[in-house]
Amino acid sequence: MARRSAAAYPQPVTSAPLTRRAIFAQAWPIMLGQTTVPLVGLVDTAVIGRTGDAAALAGVALGTTVINLVFWTFGFLRMGMTGMTAQAEGAGDAREVEAMLLRGVVAGVVLGAILFALQIVLIPIAFETLAGGGALDDAARGYVGARFLGAPASLAVFAINGWLLGRGRTRAALALQVVMNLVNIALDLLFVWHFSMGARGVGLGTACAEWISLAVGLVIAGRGLDWRRILSPELFGGGALKRLFAVNADIMVRTIALLLLFVWFTNAGARLGATALAANHVLMQFVSVSAFVLDGFAFTAESRVGNAIGAGSRAGVVRAIRLTGEFSLAAGIGFALLFLALGTPLIALFASNQGVRLQAMAMLPFAAVIPAIGVPAWLLDGIFIGATRGRALRNAAIVATILYIATDLALRSFGESGIWWALMASYLYRAGALGAHLPGLLRTIEVAEPVSAT
């Protein structure tokens, strides 16, 4: 099938000149949309936390960890799609750009359906592994069981978001994110406060929102595409799906390693009791807010780096790294200062239990400085995802996780503060391991064809 001419194919946002204004124009919709992601977590925490039930709040924290571990194992459907789509865009391969969307959605639905079928095995294994017990486990199991209802939609939305970001369609990604999270918030409030469904209501609200967002995402992403062209025998032929999973296999291992890191962190809090676990969950909402907003620049780096590699422009890659790095560093320092100034009243807002409040306030300085410390790791993630350098991402995540666990074990005698010192160190380990691969990446960019995952 012949390639569509340049005149007939819409120009990507990433074809605009690479200036600070262009970077910010592309990043701000992602930042705004990403703000609503932790906002959902904040609302979930506040909805449960205001009931005064520390076990229910800790149960949502534990259940969220289980879901993140299982669902984000397939986060390559978002990350890999962004890099591959951006590279195909930069190379001018219109047919491949269009086909990537449907391949990703089909892969997400199928993998999600498999997860739903396997939950009868996965849920017991997860709760045998994590420290919990009693009322905490009951709340967490209710949340997790409800979340599995949305597994096919959740994974398919990963792919749609990745495709939109790879094309530089950040405003469309913003619209999808806002729809999903506003519906999620509304349903959480309905199920928890009106129907008194507790932790299960939080999970059910999210699952329903994921199915609604899948329908909306297909409408948003599919507008203007030639579906007769996409639905061709070549869609899944020629090793297309094999390449999709081969490119992303290392990213999958990377994601599992980082998820295990955060599972270890959650379990470390659970060992100290429900109060410590709940306090850590409240503080991790602050970390999530900063990480998700700063992802606006990391995601912009993904699409800009991928597009420049597809076009064979080393200078474009270097400029994208420099400009997104400037914005990221300034934003990270700003968040750290903001949390130090406003953290105490925010903790009081999210948790009414006095023990949880006091514990969270004591650990606030640790959580507040993570946005500044985490900037290099988050930005380097975006750079290597855009370059589809899965091996570097995999190796860095494995090294960081191993060093983090060793650090946590070494600091265990320091109690709660030791847990947070180890978490801060993990971001430095990750940045250092990825940074070591950066010179090699830059040396291989001046090529005429997109760089494949190695």
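Residues numbered from 1 in each chain as written. Predicted model: local features only at pLDDT ≥ 70, side-chain atom pairs only at ≥ 80, totals over all residues. Heavy atoms only, no water.

### Topic: the side chain of Thr 407
The residue Thr 407 is located in helix H14 (residues 390-410) in this model. With residues near it in sequence (within four places) discarded, Thr 407 still touches Ala 422 and Tyr 429. (Helix = DSSP H or I, 4+ residues; strand = E, 2+ residues; numbered from the N terminus. Contact = heavy atoms within 4.5 Å.)

### Considering the packing of helix H11 (residues 274-310) against helix H12 (residues 314-350)
Closest axis-to-axis distance for the H11/H12 pair is 8 Å, and the angle between their directions is 170°. One way to sum up the angle between H11 and H12 is to call them roughly antiparallel. Each residue belonging to the contact of H11 with H12 can be placed in one class, and the counts come to 21 nonpolar, seven polar and one charged. (Axes fitted to C-alpha atoms, helices over the stretch in contact; angles between N-to-C directions. Parallel < 35°, antiparallel > 145°, perpendicular 65-115°, else oblique. Nonpolar A, V, L, I, M, F, W, Y, C, P; charged D, E, K, R; others polar.)

### Quick notes on the confidence of the model for the protein
Predicted coordinates in regions of low pLDDT should not be interpreted in detail. Counting all residues, the mean pLDDT for the protein is 82, and 83% of those residues have values of 70 or more. Across the protein, helix H15 (residues 416-435) holds the top mean pLDDT of 95, while helix H9 (residues 227-230) sits lowest at 61. Across residues 448-454, where pLDDT falls below 50, the model places 22 contacts with residues more than four positions away in sequence or in other chains. (pLDDT = per-residue confidence, 0-100.)

### Considerations on the packing of aromatic side chains
Throughout the structure, instances matching the rule amount to 10 aromatic pairs. Between Phe 71 and Phe 148 the ring centres are 5.8 Å apart and the planes differ by 85°, which places this aromatic pair in the edge-to-face class. Residue Phe 71 is found in helix H2 (residues 54-71), and its partner Phe 148 is found in the loop between helix H5 (134-147) and helix H6 (151-166); the two are separated by 77 residues along the sequence. Given the relative accessible area of 2%, Phe 71 is considered buried. Taken together, a centroid distance of 6.3 Å and an interplanar angle of 55° make the contact between Phe 74 and Phe 76 tilted. In this pair, the class of Phe 74 matches that of Phe 76, namely buried. An aromatic cluster of three or more residues is present, and its members are Phe 24, Phe 297 and Phe 327. Over the ring of Phe 299 we find Arg 78; its NZ or CZ atom is 4.2 Å from the centre of that ring. (Phe/Tyr/Trp six-rings, centres within 6.5 Å; stacked < 30°, edge-to-face > 60°. Buried < 20%, exposed > 50% of the residue type's maximum accessible area, 1.4 Å probe, protein only. Lys NZ or Arg CZ within 6 Å of the ring centre and 35° of its normal.)

### Some points on the nonpolar core
If you look at the biggest cluster of nonpolar residues, it comprises 100 residues, and the most contacted ones within it are Leu 283, Ile 383, Phe 384 and Trp 420. Beyond its immediate chain neighbours, meaning those up to four positions away, Phe 384 contacts Arg 389, Ala 392, Leu 393, Leu 434, His 437, Leu 438 and Leu 441. Ranked by size, the runner-up nonpolar core spans 24 residues in total, among them Val 105, Leu 165, Ala 172 and Ala 221. (Core = buried A, V, L, I, M, F, W, Y, C linked by side-chain atoms within 4.5 Å.)

### Some points on the pattern of salt bridges
For the structure on display, the rule yields 10 salt bridges. Of the charged contacts in the structure, one is a salt bridge between Arg 147 and Glu 210, with a shortest N-O distance of 3.1 Å. Of the two residues, Arg 147 is situated in helix H5 and Glu 210 in helix H8 (residues 198-222); the sequence distance between them amounts to 63 residues. Residue Arg 147 shares its accessibility class with Glu 210, and that shared class is buried. Overlapping salt bridges bring together Arg 20, Arg 322 and Glu 326 as one network. (Salt bridge = Lys/Arg side-chain N within 4 Å of Asp/Glu carboxyl O.)

### A few points about the side chain of Thr 266
Tracing the chain through its elements places Thr 266 in helix H10 (residues 240-271). On the accessibility criterion, Thr 266 (13% relative accessible area) is buried. Once residues lying within four places of it in the same chain are set aside, the contact partners of Thr 266 are Leu 62, Thr 65 and Leu 277.

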